[in-house]
Amino acid sequence: MARGLLRIYLGAAPGVGKTYAMLAEGRRRVARGTDLVVGFVETHGRVHTAELLDGLEIVPRRALTYRGAEFTELDAEAVIARAPQAALIDELAHTNVPGSRNPKRWQDVEEILEAGIDVVTTVNIQHLESVNDVVEQITGVAQRETLPDEVVRRADQVELVDMSAEALRRRMAHGNVYPPEKIDAALSNYFRVGNLTALRELALLWLAGKVDEQLDRYRADHGIARTWEARERVVVALTGGPESETLIRRASRIAARTKGADLLAVHVIRGDGLSGTRPDRLARQRDLVESVGGTYHQVVGDDVPKALLEFARAVNATQLVLGVSRRNRFAQALFPGVGVATTALSGSIDVHMVTHEHAHRGLRHHRAADTGLAPRRRLAGFVLAVLGLPLLSLTLAELRGAFSLPVDIMFFLAAIVGVALVGGMWPALIAAVTGSVLLNYFFTPPLHTLTIAEHENLLALGVFLVVAAAVSAVVDLAARRSREATRLGADAEVLFTLAGNVLRGERALDALLGRLRETFGLDSVTLLERGPGALPAPGGHGGTADWKVIAAVGGRPCTTPEEADTEIPFDEGLALALRGRIPTAGDRRILEAFAVQAVAALEQQRLEAEAERARPLEAVDRMRTALLSAVSHDLRTPLASAKAAVESLGNTEIRWTPEERAELLDTAAESLDRLDRLVADLLDMSRLQAGALGMAARPLALDEVVPRALDEAGPEGHDVSVRIPADLPEVEADPALLQRVLVNLITNALRYNPPGRPVLVTAGALRDRVELRVADRGPGVPAADHDRIFLPFQRLSDRDNHTGSGLGLALARGLTEAMGGELIPEDTPGGGLTMTVSLPRATRTDGP
């Protein structure tokens, strides 16, 4: 029986309409005459979704009892027994109640598919195992119901059900997703614009990856080797030479011309592992690739053009960027070069040959690590050639007559192969020449002379010499390649172990130096840095005072490079000093790689320390900005009002009525009271900035502060609707500063809120934060201006120049951040602006 087809509606977020789309698909199939049943659909009380169930055959659910409660689950056996052509089954990632046939609903669906029944189902992106942790970091909500990505990847069809964040929030506000009592909490927590936008991006990226897999599989199944330009992919070939940085930047500009293009950098390593490329240069080029948004790759191949094109075709690249050869024109005349060969074989891939300042200047090869045999083995080979062949000659001379000349030649050839295995090519070549002389003298007629009577014997000796030399070269080359492969394998194992220990949480710099010491059995490893302004001495190093120890492991560290048994300089200011066993020349490459990583780890460590030092300075700067802004404007407004009232009263040319005189006195008194409050607040803020007065933060209930803020807002504060849950956790904040923040936000919202519609103040808890939201129904603020409203003296769409100081939001953000919180503007669903004050949740420590 053929397996059924699986169609999945993948939702970017709850409420986008997956179940609605699934039911609509079911009704279309029924209209076409398909035998279809509803296996399980959850409407969540949504009226429009429930209406689509009318007229569809529903398979009864299976009832289960668990811990005294009744549950209903998909009855997979009943669906299979009914044997329809297709079945609608909602919520693929659902976890079944204990006692069910399978732990997960997707396992039930697998059984139904195996029975030959098509299944249409739904799943949200947050339920996929691969993105589950990312979703938790974004939304703060752990998704306990997950399913393997492979289940969705194996689906015959996956259709994305998507909706903009703003549209989904409007659906929420209109009551089309959740009941009214859950709307405010949902909008302020999981269904925030940022959360929904991130979920959309995750869904789109995941589906794009699946589409790429389907395209690659289709091309492989149909034997399509040519490039399909479904998406621009630019591959830049790196030699590790100085021109590579130019190529990376040029390739980055080419990729940037097309929206969504991918940039991939590839470096081809020779199959024998021999390369003159410096590790530090490759490391810098890799950092540059990643900084421009590309990815770095390495491939192994002896034929560089073939390896490049195989990689480019494997990633479905559309463009390949190469540099003009650095070899001089004479060398190019003898061999066209990688660029010419690659262009000739590129086919449908566009090849860009980029010129650079190093073109045609000749190659500067770096001497590769010595892979020759140890001197002891070479000496043994020479000894064997000098002593072994005469002994063989004497032995065969005693057996003269028992073997013919060809047999004697084979004995000598075997001896020469042995010399090659022991000592390499040069002792073997000497043995070949010596062997030919001994064969001629002792075994070729006339004997005991160097004269050869028969031409056939002369030919045999000539062939012997050529074969012996060829065998010596081949054996020596094989031995060298074997040693190189062993060496590279050891290097790779060292780097793999090193990376694993760093990734498992060891401090990067200490882990690097510690692994270096263990790998090479050193007494100590020290990372040294030249002091600022110190110049190197004529011998290449400064004095003791010019160097300082950055990090050290093992025994007594070196204080200068001269004290080290081995020095690995990285640049003019940094060096690795090794004390103990002196590494061989073949170890230099791995030591240079360690040096590059050590410097990178040092740079990361310093950046982290710099960030830590900058945090308190940033807080002080925010406080200073808020203080100066308040002094420059908030004080001026009440002072000007009081001065105007007093001057009016003092004007003898005007006769004021008692009512007017009382009004002016009230204005002056109100302005001076406001001035007194501002001065007191500013004094506290200045003390706080100077460190003379600590932040008076304490556990504080919001229902203590909000009423006082409404009272201070004046009569208009009665038009504010407050909804604060009784079980809301306390916040850690300064009461006076928080009250001032709320007064600013509430008065700003009242200023722009239309008549007859109250400003809404709500609150909710999210992980370790408590959020207080002040929402109005005014004209709102465009997203592009969200940052501008926090600049001092900004009044967007100025309604007048008398209400408000144009400073309230700027000061509110400064004070909120000083208390360790955030002030975030968002659009109110249905129109308007919502200001969210996010503060840390209070942690009480109860006494004994």
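Parameters at a glance
- Residues numbered from 1 in each chain as written.
- Predicted model: local features only at pLDDT ≥ 70, side-chain atom pairs only at ≥ 80, totals over all residues.
- Heavy atoms only, no water.
- Helix = DSSP H or I, 4+ residues; strand = E, 2+ residues; numbered from the N terminus.
- Buried < 20%, exposed > 50% of the residue type's maximum accessible area, 1.4 Å probe, protein only.
- Contact = heavy atoms within 4.5 Å.
- Areas by Shrake-Rupley, 256 points an atom, 1.4 Å probe, with all protein chains shown as cover.
- Patch = residues over 30% accessible without salt bridge, like charges linked within 9 Å, V, L, I, M, F, W, Y side chains within 5 Å.
- Salt bridge = Lys/Arg side-chain N within 4 Å of Asp/Glu carboxyl O.
- Lys, Arg positive; Asp, Glu negative; His and termini not counted.
- Charge placed at Lys NZ, Arg CZ, Asp CG, Glu CD.
- Axes fitted to C-alpha atoms, helices over the stretch in contact; angles between N-to-C directions.
- Parallel < 35°, antiparallel > 145°, perpendicular 65-115°, else oblique.
- Left-handed = near helix turned anticlockwise from the far one by under 90°.
- Nonpolar A, V, L, I, M, F, W, Y, C, P; charged D, E, K, R; others polar.
- Pairing = 2+ DSSP bridges.
- Phe/Tyr/Trp six-rings, centres within 6.5 Å; stacked < 30°, edge-to-face > 60°.
- Lys NZ or Arg CZ within 6 Å of the ring centre and 35° of its normal.
- Polar contact = N/O pair within 3.5 Å; in protein donor to acceptor, adjacent residues only side chain to side chain.
- Core = buried A, V, L, I, M, F, W, Y, C linked by side-chain atoms within 4.5 Å.
- pLDDT = per-residue confidence, 0-100.

**Q** Would you explain the overall build of the protein chain in this entry?
**A** Per the secondary structure count, the protein chain includes 25 helices and 24 strands. Looking at the 848 residues of the protein chain, the share that counts as buried comes to 43%. If you take every contact in the protein chain between residues at least 6 apart in sequence, the share linking residues at least 24 apart comes to 70%. In the form shown here, the protein chain has an accessible surface area of approximately 44,100 Å², with 56% of it arising from carbon and sulfur atoms.

**Q** What's the story with a negative patch on the surface in this structure? I'm lost.
**A** A surface patch of negative charge is lined by Glu 659, Glu 660, Glu 663, Asp 666, Glu 670, Asp 673 and Asp 676. Mapped onto the secondary structure, Asp 666 falls in helix H22 (residues 658-690). Given the relative accessible area of 52%, Asp 666 is considered exposed.

**Q** I keep staring at the packing of helix H23 (residues 702-712) against helix H24 (residues 735-752) and nothing clicks. Help me out?
**A** Helix packing for two helices is described by the angle between their axes and how far apart those axes are. It is the contact of H23 with H24, at a shortest axis distance of 9 Å, that shows an interaxial angle of 50°. Judged on the interaxial angle alone, H24 and H23 are oblique. Regarding H23 and H24, the two cross each other, and that crossing is right-handed. Contact residues: Leu 702, Val 705, Val 706, Arg 708, Ala 709, Leu 710 and Glu 712 in H23; Pro 735, Leu 738, Gln 739, Leu 742, Val 743 and Ile 746 in H24. The class makeup of the residues in the contact of H23 with H24 is 10 nonpolar, 1 polar and 2 charged.

**Q** When you look at the side chain of Thr 342 in this model, what are you seeing that I'm missing?
**A** With respect to the element layout, Thr 342 can be found in helix H14 (residues 338-345). When its relative accessible area of 0% is taken as the criterion, Thr 342 is described as buried. The residues touching Thr 342, leaving out its near neighbours within four places in the chain, are Pro 305, Leu 308, Leu 309, Leu 320 and Leu 322.

**Q** It is not clear to me how the sheet that holds strand E15 (residues 547-554) should be interpreted in this structure. Could you clarify?
**A** The strands that make up a sheet are held in pairs by hydrogen bonds between backbone atoms, and each pair lies either parallel or antiparallel. Strand order in the open sheet formed by 4 strands is E15-E14-E17-E16, with antiparallel pairing between adjacent strands. Looking along the sheet, the strands with just one partner apiece sit at the ends: E15 and strand E16 (566-569). Averaged over all pairs of adjacent strands, the angle between strand axes in this sheet comes to 20°, irrespective of strand direction. Relative to strand E17 (residues 574-580), strand E14 (residues 522-530) runs antiparallel, the two sharing 7 bridges. Among the inter-strand pairings, Thr 526 is bridged to a residue of E17, identified as Ala 577.

**Q** What am I meant to see in the pattern of salt bridges here?
**A** For the structure on display, the rule yields 17 salt bridges. Arg 82 is the salt-bridge partner of Asp 35, the closest N and O atoms lying 2.8 Å from each other. A residue pair is termed long-range when its members are at least 10 positions apart, and Asp 35 in the loop between helix H1 (18-31) and strand E2 (36-40) and Arg 82 in helix H3 (residues 76-82) qualify at 47 residues. Look at Asp 35 and you get partly exposed, because its relative accessible area is 28%. Each of Arg 3, Glu 110, Glu 114 and Arg 154 takes part in a single network of salt bridges with overlapping partners.

**Q** What should I look at first to understand a nonpolar patch on the surface in this one?
**A** A surface patch of nonpolar side chains, amounting to about 380 Å² of accessible area, comprises Leu 379, Val 383, Val 386 and Leu 387. Here Leu 379 is to be found in helix H15 (residues 375-398). Leu 379 sits in the exposed class, given a relative accessible area of 54%.

**Q** Can you help me understand unusual backbone geometry in this one?
**A** With the exception of glycine, most residues fall at negative phi, and the peptide bonds are largely trans. The phi angle at Ala 83 is positive, at roughly 55°, despite the residue not being glycine. The backbone phi angle of Glu 91 is positive, close to 55°, even though this residue is not glycine. On the secondary structure map, Glu 91 appears in the loop between strand E6 (86-89) and helix H4 (105-114).

**Q** How do you make sense of the sheet that holds E2 when you look at a structure like this?
**A** Here we have 6 strands laid out as an open sheet, ordered E3-E2-E6-E7-E1-E8, and parallel in their pairing. For this open sheet the edge positions go to strand E3 (57-58) and strand E8 (157-161), each flanked by a neighbour on one side alone. Examined bridge by bridge, strand E1 (residues 6-11) and E8 share 5 bridges and lie parallel to one another. For Leu 10, the partnering residue across the bridge sits in E8 and is Leu 160.

**Q** Looking at this structure, how should I read the packing of aromatic side chains?
**A** What describes a pair of aromatic rings is the distance from one ring centre to the other and the angle between the planes of the rings. Applying the stated criterion across every chain yields a total of 0 aromatic pairs. The residue whose ring lies beneath Arg 61 is Phe 40, and the NZ or CZ to ring-centre distance is 3.9 Å. Arg 105 extends its terminal NZ or CZ atom over the ring of Phe 40, reaching a point 3.8 Å from the ring centre.

**Q** Can you help me understand the side chain of Arg 7 in this one?
**A** Positionally, Arg 7 belongs in strand E1. A polar contact is formed between the side chain of Arg 7 and the side chain of Gln 157, at a distance of 2.3 Å. Ignoring any residue separated from it by four or fewer positions in sequence, one finds Arg 7 in contact with Glu 25, Arg 29, Val 119, Val 120, Thr 121, Gln 157 and Glu 159.

**Q** Looking at this model, I keep getting lost on the nonpolar core. Mind explaining?
**A** If you look at soluble globular proteins, the nonpolar side chains tend to sit buried side by side. Grouped together as the largest cluster of nonpolar side chains are 58 residues, with contacts concentrated most on Ile 125 and Leu 147. For this core, the element with the highest residue contribution is helix H9 (residues 193-221), accounting for 6 residues. Contacts of Ile 125, omitting those with residues within four sequence positions, involve Leu 10, Gly 11, Ala 12, Val 131, Leu 199, Leu 202, Ala 203 and Trp 206. In terms of nonpolar packing, the next biggest core, distinct from the first, is built from 38 residues, Leu 702, Val 720, Ile 746 and Val 837 among them.

**Q** What am I meant to see in the pairing of strand E5 (residues 69-73) here?
**A** Each regular strand displays side chains that alternate between the two surfaces of the sheet. Taken together, the 5 bridges between strand E4 (residues 62-66) and E5 define a ladder with antiparallel strand orientation. Paired with Tyr 66 across the strands is Ala 69, a residue of E5.

**Q** Would you take a moment to explain the environment of Val 299 for this structure?
**A** In this structure, Val 299 sits in strand E11 (residues 295-300). Put simply, Val 299 and Glu 310 are 11 residues apart on the chain and 9.8 Å apart in space, counted from C-alpha to C-alpha. Val 299 has contacts with Val 266, His 267, Val 268, Ile 269, Ala 307 and Phe 311, leaving out every residue within four places of it along the chain.

**Q** What's the story with the confidence of the model for the protein chain in this structure? I'm lost.
**A** It should be kept in mind that the predicted coordinates are not to be read in detail where pLDDT is low. Across the protein chain, pLDDT averages 76, with 74% of residues at or above 70. The spread of mean pLDDT over the elements of the protein chain runs between helix H13 (residues 329-334), the lowest at 53, and E6, the highest at 95. Throughout residues 271-275 the model reports pLDDT below 50, and contacts reaching past four residues in sequence, or to other chains, amount to 14 contacts. A low-confidence stretch, residues 792-807 (pLDDT under 50), is modelled with 33 contacts involving residues beyond four sequence positions or located in other chains.

**Q** What is the right way to look at the pairing of strand E24 (residues 833-840) in this model?
**A** Taken across its 8 residues, E24 has 7 buried, putting it largely inside the fold. As judged from the 7 bridges shared by strand E22 (residues 769-775) and E24, these two strands associate in the antiparallel manner. Among the inter-strand pairings, Ala 775 is bridged to a residue of E24, identified as Thr 834. Relative to E24, strand E23 (residues 822-827) runs antiparallel, the two being bridged by 6 bridges. Considered in E24, the bridge of Ile 824 is made with Thr 836.

**Q** What's the story with the environment of Pro 557 in this structure? I'm lost.
**A** Position of Pro 557 relative to the elements: it lies in the loop between E15 and E16. Overall, the relative accessible area of 31% leaves Pro 557 in the partly exposed class. Setting aside residues no more than four positions away along its own chain, Pro 557 makes contact with Ser 524, Thr 526, Ala 552, Glu 563 and Arg 579.

**Q** Could you clarify how one ought to interpret helix H7 (residues 165-173) in this entry?
**A** Since there are 3.6 residues in each turn of an α-helix, residues three or four apart along the chain are aligned in direction. Taken residue by residue, H7 has Ala 165, Ala 167, Leu 168, Arg 169 and Met 172 as its buried positions. A positive phi of about 80° marks Gly 175, the residue just after H7.

**Q** Would you mind showing me how to read the packing of helix H16 (residues 405-423) against helix H17 (residues 425-443) here?
**A** Two elements in contact, H16 and H17, have axes separated by 8 Å at closest approach and are oriented at 160°. One finds that H16 runs roughly antiparallel with respect to H17. When the axes of H16 and H17 are compared, the crossing they make is right-handed. Side by side, H16 and H17 meet where Leu 405, Asp 408, Ile 409, Phe 412, Ile 416, Val 419, Ala 420 and Gly 423 of the first sit next to Met 425, Pro 427, Ala 428, Ala 431, Ala 432, Gly 435, Leu 438, Leu 439 and Phe 443 of the second.

**Q** Looking at this structure, how should I read the environment of Leu 527?
**A** Along the chain, Leu 527 turns up in strand E14. Since its relative accessible area comes to 2%, Leu 527 is described here as buried. With 48 residues separating them in the primary sequence, Leu 527 and Ala 575 have C-alpha atoms 6.0 Å apart. Setting aside residues no more than four positions away along its own chain, Leu 527 makes contact with Leu 509, Leu 513, Lys 548, Val 549, Ile 550, Ala 551, Ala 575, Leu 576 and Leu 602.

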